[in-house]
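Architecture and fold: a report
Chain residues, written in single-letter form:
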Amino acid sequence: MKATVEYIEKKFEEFNRQMFAGKLPKLPIELSNAKTFLGQCAFKKRLTVFGKVKLYDFRMRISTRFDLTEREIEDTIIHEMIHYYIGVNNLKDTSAHGQLFRQMMNSINERYGRSLTISHKITKQQKEEAHDTRQRWHVVAVIDFKNGKTGIKVLPRIVQRILNYYNKVGAVSEVAAIRLYMSNDIFFNRYPNSGALTATFVERETAMSHLADAEKLQCDGKRIIRTK
Ligand SMILES: [Zn+2]
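A brief structural summary. Predicted, not measured: the structure shown is a model, and the values here were computed from it.

Next up on the list: unusual backbone geometry. Positive phi, close to 55 degrees, is recorded for Ala-21, a residue that is not glycine. Its location among the elements puts Ala-21 in the loop between helix 1 (5-19) and strand 1 (29-32). With a relative accessible area of 59%, Ala-21 lands in the exposed category. Phi is positive for Asn-90, which is not a glycine, with a value near 55 degrees. Secondary-structure assignment places Asn-90 in the loop between helix 2 (70-88) and helix 3 (99-112). By relative accessible area, Asn-90 is classed as partly exposed at 36%.

Interhelical geometry of helix 2 versus helix 3 gives an angle of 135 degrees and a closest axis separation of 10 Å. Accordingly, the angle class assigned to the pair helix 2 and helix 3 is oblique. Handedness of the crossing formed by helix 2 with helix 3: right-handed. Facing Ile-78, His-79, Ile-82, His-83, Tyr-85 and Ile-86 of helix 2, the residues of helix 3 in contact are Leu-100, Phe-101, Met-104, Met-105 and Ile-108. Looking at the contact of helix 2 with helix 3 residue by residue, the classes come out as 9 nonpolar, 2 polar and no charged.

A few words now on the sheet that holds strand 8 (residues 215-219). Sheet architecture is open: 6 strands sit in the order 7-5-4-6-8-9, paired in antiparallel fashion. For this open sheet the edge positions go to strand 7 (200-202) and strand 9 (224-226), each flanked by a neighbour on one side alone. Strand-to-strand twist in this sheet, taken as the mean axis angle between neighbours without regard to direction, amounts to 35 degrees. As judged from the 6 bridges shared by strand 4 (residues 138-145) and strand 5 (residues 150-155), these two strands associate in the antiparallel manner. Paired with Val-142 across the strands is Ile-152, a residue of strand 5. Across the sheet, helix 5 (residues 159-170) touches strand 4, strand 5, strand 6 (175-183), strand 8 and strand 9, and the angle it forms with strand 6 is around 160 degrees.

So, on to the environment of Asn-89. Topologically, Asn-89 is positioned in the loop between helix 2 and helix 3. Judged by relative accessible area, which is 40%, Asn-89 ranks as partly exposed. For the pair formed by Asn-89 and Lys-54, sequence separation is 35 residues and the distance between their alpha carbons is 9.7 Å.

Taking strand neighbours across the sheet as the criterion, the 3 strands line up as 1-3-2 in an open arrangement whose pairing is mixed. The sheet is open, and its two borders are formed by strand 1 and strand 2 (39-47), each paired with just one other strand. For this sheet, the mean inter-axis angle between neighbouring strands, taken without regard to orientation, is 35 degrees. As paired strands, strand 1 and strand 3 (residues 53-63) are joined by 4 bridges and run parallel to one another. Bridge pairing in strand 3 links Glu-30 to Arg-61. Where helix 1 meets the sheet, its contacts fall on strand 1 and strand 3, and the angle it forms with strand 1 comes to roughly 130 degrees. Contacts from helix 2 reach strand 2 and strand 3 within the one sheet, and its direction differs from that of strand 3 by about 175 degrees.

Basis of the calculations
- Residues numbered from 1 in each chain as written.
- Predicted model: local features only at pLDDT ≥ 70, side-chain atom pairs only at ≥ 80, totals over all residues.
- Heavy atoms only, no water.
- Helix = DSSP H or I, 4+ residues; strand = E, 2+ residues; numbered from the N terminus.
- Buried < 20%, exposed > 50% of the residue type's maximum accessible area, 1.4 Å probe, protein only.
- Axes fitted to C-alpha atoms, helices over the stretch in contact; angles between N-to-C directions.
- Parallel < 35°, antiparallel > 145°, perpendicular 65-115°, else oblique.
- Left-handed = near helix turned anticlockwise from the far one by under 90°.
- Contact = heavy atoms within 4.5 Å.
- Nonpolar A, V, L, I, M, F, W, Y, C, P; charged D, E, K, R; others polar.
- Pairing = 2+ DSSP bridges.

Structure below.
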(Lines give C-alpha, C1' and ligand atoms only; values in the text may rest on other atoms or scores of the structure.)
Protein backbone atom coordinates (compact mmCIF):
# COMPACT_ATOMS: atom_id res chain seq x y z
CA MET A 1 0.00 0.00 0.00
CA LYS A 2 0.97 3.63 -0.33
CA ALA A 3 0.52 6.10 2.50
CA THR A 4 -1.52 9.28 2.19
CA VAL A 5 -1.24 12.35 4.42
CA GLU A 6 -4.60 11.50 6.04
CA TYR A 7 -3.47 7.96 6.75
CA ILE A 8 -0.19 9.10 8.34
CA GLU A 9 -2.03 11.72 10.44
CA LYS A 10 -4.44 9.07 11.69
CA LYS A 11 -1.58 6.69 12.55
CA PHE A 12 0.39 9.49 14.19
CA GLU A 13 -2.53 10.21 16.53
CA GLU A 14 -3.04 6.54 17.28
CA PHE A 15 0.64 5.84 18.10
CA ASN A 16 0.96 9.14 19.94
CA ARG A 17 -1.81 8.08 22.32
CA GLN A 18 -0.57 4.49 22.60
CA MET A 19 3.20 4.93 22.86
CA PHE A 20 3.98 8.57 23.69
CA ALA A 21 1.21 9.30 26.22
CA GLY A 22 -0.32 11.72 23.69
CA LYS A 23 2.48 14.19 24.37
CA LEU A 24 3.69 14.82 20.83
CA PRO A 25 2.32 18.03 19.28
CA LYS A 26 0.84 17.65 15.79
CA LEU A 27 3.33 18.34 13.02
CA PRO A 28 3.11 18.86 9.25
CA ILE A 29 3.25 15.61 7.27
CA GLU A 30 4.85 15.62 3.83
CA LEU A 31 4.92 12.88 1.23
CA SER A 32 8.17 12.42 -0.64
CA ASN A 33 9.30 10.53 -3.70
CA ALA A 34 12.77 9.91 -2.24
CA LYS A 35 14.41 6.58 -2.80
CA THR A 36 17.20 7.23 -0.29
CA PHE A 37 14.97 7.09 2.78
CA LEU A 38 11.63 5.67 3.89
CA GLY A 39 11.01 8.34 6.49
CA GLN A 40 12.61 11.50 7.78
CA CYS A 41 12.02 13.81 10.71
CA ALA A 42 13.17 17.20 9.42
CA PHE A 43 13.70 20.31 11.57
CA LYS A 44 15.57 23.60 11.74
CA LYS A 45 18.11 24.64 14.38
CA ARG A 46 18.68 27.95 16.07
CA LEU A 47 20.73 29.26 18.98
CA THR A 48 18.84 30.57 22.00
CA VAL A 49 19.98 33.70 23.86
CA PHE A 50 21.51 31.33 26.39
CA GLY A 51 23.71 29.83 23.67
CA LYS A 52 21.78 26.58 23.53
CA VAL A 53 20.74 24.87 20.30
CA LYS A 54 17.00 24.71 19.87
CA LEU A 55 15.27 22.60 17.27
CA TYR A 56 12.07 23.90 15.69
CA ASP A 57 9.85 23.69 12.62
CA PHE A 58 9.54 19.89 12.76
CA ARG A 59 8.10 18.06 9.75
CA MET A 60 7.66 14.38 9.09
CA ARG A 61 8.41 13.11 5.59
CA ILE A 62 7.37 9.69 4.41
CA SER A 63 8.49 8.30 1.07
CA THR A 64 5.75 6.90 -1.13
CA ARG A 65 8.15 5.72 -3.79
CA PHE A 66 8.03 2.12 -2.69
CA ASP A 67 5.04 -0.08 -2.28
CA LEU A 68 5.37 -1.19 1.35
CA THR A 69 3.20 -3.29 3.60
CA GLU A 70 1.01 -1.49 6.12
CA ARG A 71 3.25 -2.74 8.93
CA GLU A 72 6.37 -1.35 7.29
CA ILE A 73 4.73 2.04 6.86
CA GLU A 74 3.59 2.00 10.50
CA ASP A 75 7.09 1.09 11.72
CA THR A 76 8.53 3.93 9.63
CA ILE A 77 6.09 6.42 11.19
CA ILE A 78 6.92 5.23 14.73
CA HIS A 79 10.66 5.39 14.00
CA GLU A 80 10.30 9.04 12.95
CA MET A 81 8.11 9.72 15.99
CA ILE A 82 10.99 8.66 18.25
CA HIS A 83 13.28 11.16 16.49
CA TYR A 84 10.56 13.77 16.89
CA TYR A 85 10.09 12.96 20.61
CA ILE A 86 13.83 13.31 21.27
CA GLY A 87 14.06 16.51 19.21
CA VAL A 88 10.96 18.29 20.42
CA ASN A 89 11.84 17.60 24.07
CA ASN A 90 15.43 18.72 23.52
CA LEU A 91 16.78 15.43 24.87
CA LYS A 92 20.43 14.58 24.42
CA ASP A 93 21.42 11.42 22.64
CA THR A 94 24.87 10.00 21.92
CA SER A 95 24.26 10.03 18.13
CA ALA A 96 21.39 10.09 15.63
CA HIS A 97 20.42 6.57 16.65
CA GLY A 98 22.26 6.66 19.97
CA GLN A 99 21.61 5.06 23.34
CA LEU A 100 18.39 6.95 24.00
CA PHE A 101 16.94 6.24 20.57
CA ARG A 102 17.73 2.53 20.86
CA GLN A 103 16.35 2.34 24.36
CA MET A 104 13.02 3.82 23.25
CA MET A 105 12.98 1.71 20.11
CA ASN A 106 13.67 -1.53 21.97
CA SER A 107 11.04 -0.82 24.56
CA ILE A 108 8.41 -0.05 21.87
CA ASN A 109 9.37 -3.23 19.98
CA GLU A 110 8.99 -5.26 23.13
CA ARG A 111 5.84 -3.67 24.51
CA TYR A 112 3.91 -3.33 21.28
CA GLY A 113 5.35 -6.20 19.21
CA ARG A 114 6.82 -3.89 16.59
CA SER A 115 9.87 -4.52 14.37
CA LEU A 116 11.49 -1.08 14.31
CA THR A 117 15.11 -0.87 13.19
CA ILE A 118 17.62 1.95 13.25
CA SER A 119 17.72 2.09 9.46
CA HIS A 120 15.89 4.74 7.45
CA LYS A 121 16.58 2.82 4.32
CA ILE A 122 14.73 0.14 2.59
CA THR A 123 16.34 -3.27 3.09
CA LYS A 124 17.61 -5.30 0.17
CA GLN A 125 14.75 -7.72 0.56
CA GLN A 126 12.16 -4.94 0.70
CA LYS A 127 13.70 -3.43 -2.40
CA GLU A 128 13.26 -6.66 -4.30
CA GLU A 129 9.69 -7.07 -3.17
CA ALA A 130 8.72 -3.44 -3.49
CA HIS A 131 10.34 -2.03 -6.54
CA ASP A 132 9.59 1.36 -7.97
CA THR A 133 6.00 1.34 -9.20
CA ARG A 134 5.83 4.62 -11.12
CA GLN A 135 4.90 4.13 -14.75
CA ARG A 136 7.42 5.65 -17.15
CA TRP A 137 8.23 5.14 -20.80
CA HIS A 138 11.40 3.21 -21.49
CA VAL A 139 13.21 2.21 -24.63
CA VAL A 140 14.06 -1.46 -24.14
CA ALA A 141 16.56 -3.30 -26.31
CA VAL A 142 16.17 -7.08 -26.48
CA ILE A 143 19.31 -8.89 -27.54
CA ASP A 144 19.25 -12.46 -28.85
CA PHE A 145 22.63 -14.10 -28.43
CA LYS A 146 23.79 -16.88 -30.72
CA ASN A 147 24.12 -19.21 -27.73
CA GLY A 148 20.37 -18.95 -27.11
CA LYS A 149 20.54 -16.48 -24.21
CA THR A 150 18.49 -13.30 -24.09
CA GLY A 151 19.67 -9.98 -22.77
CA ILE A 152 17.82 -6.74 -22.18
CA LYS A 153 18.97 -3.18 -21.83
CA VAL A 154 16.96 -0.12 -20.79
CA LEU A 155 18.20 2.85 -22.80
CA PRO A 156 17.86 6.60 -22.29
CA ARG A 157 15.29 8.14 -24.63
CA ILE A 158 17.96 9.91 -26.66
CA VAL A 159 18.11 8.96 -30.34
CA GLN A 160 21.91 9.14 -30.66
CA ARG A 161 22.45 6.93 -27.60
CA ILE A 162 19.90 4.40 -28.82
CA LEU A 163 21.47 4.27 -32.31
CA ASN A 164 24.95 3.94 -30.83
CA TYR A 165 23.85 1.02 -28.68
CA TYR A 166 21.85 -0.60 -31.48
CA ASN A 167 24.70 -0.39 -33.99
CA LYS A 168 27.57 -1.34 -31.69
CA VAL A 169 25.88 -4.20 -29.86
CA GLY A 170 24.28 -5.39 -33.09
CA ALA A 171 27.77 -5.69 -34.62
CA VAL A 172 29.13 -7.92 -31.83
CA SER A 173 29.82 -11.37 -33.26
CA GLU A 174 27.99 -13.24 -30.44
CA VAL A 175 24.79 -11.28 -31.11
CA ALA A 176 22.20 -12.82 -33.43
CA ALA A 177 19.61 -10.03 -33.33
CA ILE A 178 18.71 -6.86 -31.51
CA ARG A 179 15.22 -5.36 -31.32
CA LEU A 180 13.89 -2.18 -29.81
CA TYR A 181 10.66 -1.59 -27.93
CA MET A 182 8.93 1.31 -26.25
CA SER A 183 7.30 0.16 -23.03
CA ASN A 184 5.83 1.68 -19.87
CA ASP A 185 5.69 -1.62 -17.99
CA ILE A 186 6.98 -1.09 -14.43
CA PHE A 187 8.90 -4.37 -14.76
CA PHE A 188 11.68 -2.41 -16.50
CA ASN A 189 12.07 0.12 -13.67
CA ARG A 190 14.38 -2.29 -11.86
CA TYR A 191 17.05 -2.15 -14.57
CA PRO A 192 19.65 0.61 -14.74
CA ASN A 193 18.93 3.13 -17.49
CA SER A 194 22.06 4.04 -19.44
CA GLY A 195 23.70 4.00 -22.85
CA ALA A 196 26.51 1.72 -21.65
CA LEU A 197 27.22 -1.21 -23.95
CA THR A 198 26.04 -3.82 -21.48
CA ALA A 199 23.03 -6.09 -21.12
CA THR A 200 21.37 -8.08 -18.35
CA PHE A 201 20.60 -11.72 -19.01
CA VAL A 202 16.95 -12.47 -18.45
CA GLU A 203 14.57 -15.32 -18.92
CA ARG A 204 13.25 -14.80 -22.41
CA GLU A 205 9.62 -15.61 -21.59
CA THR A 206 9.54 -13.28 -18.61
CA ALA A 207 10.93 -10.35 -20.57
CA MET A 208 8.72 -10.95 -23.59
CA SER A 209 5.59 -11.26 -21.45
CA HIS A 210 6.28 -7.72 -20.21
CA LEU A 211 6.73 -6.54 -23.79
CA ALA A 212 3.54 -8.06 -25.15
CA ASP A 213 1.78 -4.66 -25.30
CA ALA A 214 4.90 -2.67 -26.10
CA GLU A 215 5.34 -0.65 -29.24
CA LYS A 216 7.95 -2.15 -31.54
CA LEU A 217 10.46 0.37 -32.87
CA GLN A 218 11.96 -0.10 -36.32
CA CYS A 219 15.58 0.83 -36.77
CA ASP A 220 17.71 0.87 -39.92
CA GLY A 221 20.87 1.93 -38.11
CA LYS A 222 20.36 5.62 -38.89
CA ARG A 223 16.81 6.31 -37.83
CA ILE A 224 14.29 4.99 -35.35
CA ILE A 225 10.77 4.67 -36.67
CA ARG A 226 7.77 4.33 -34.45
CA THR A 227 5.28 1.79 -35.64
CA LYS A 228 2.17 2.93 -33.79
ZN1 LIG B 1 16.28 7.33 12.24
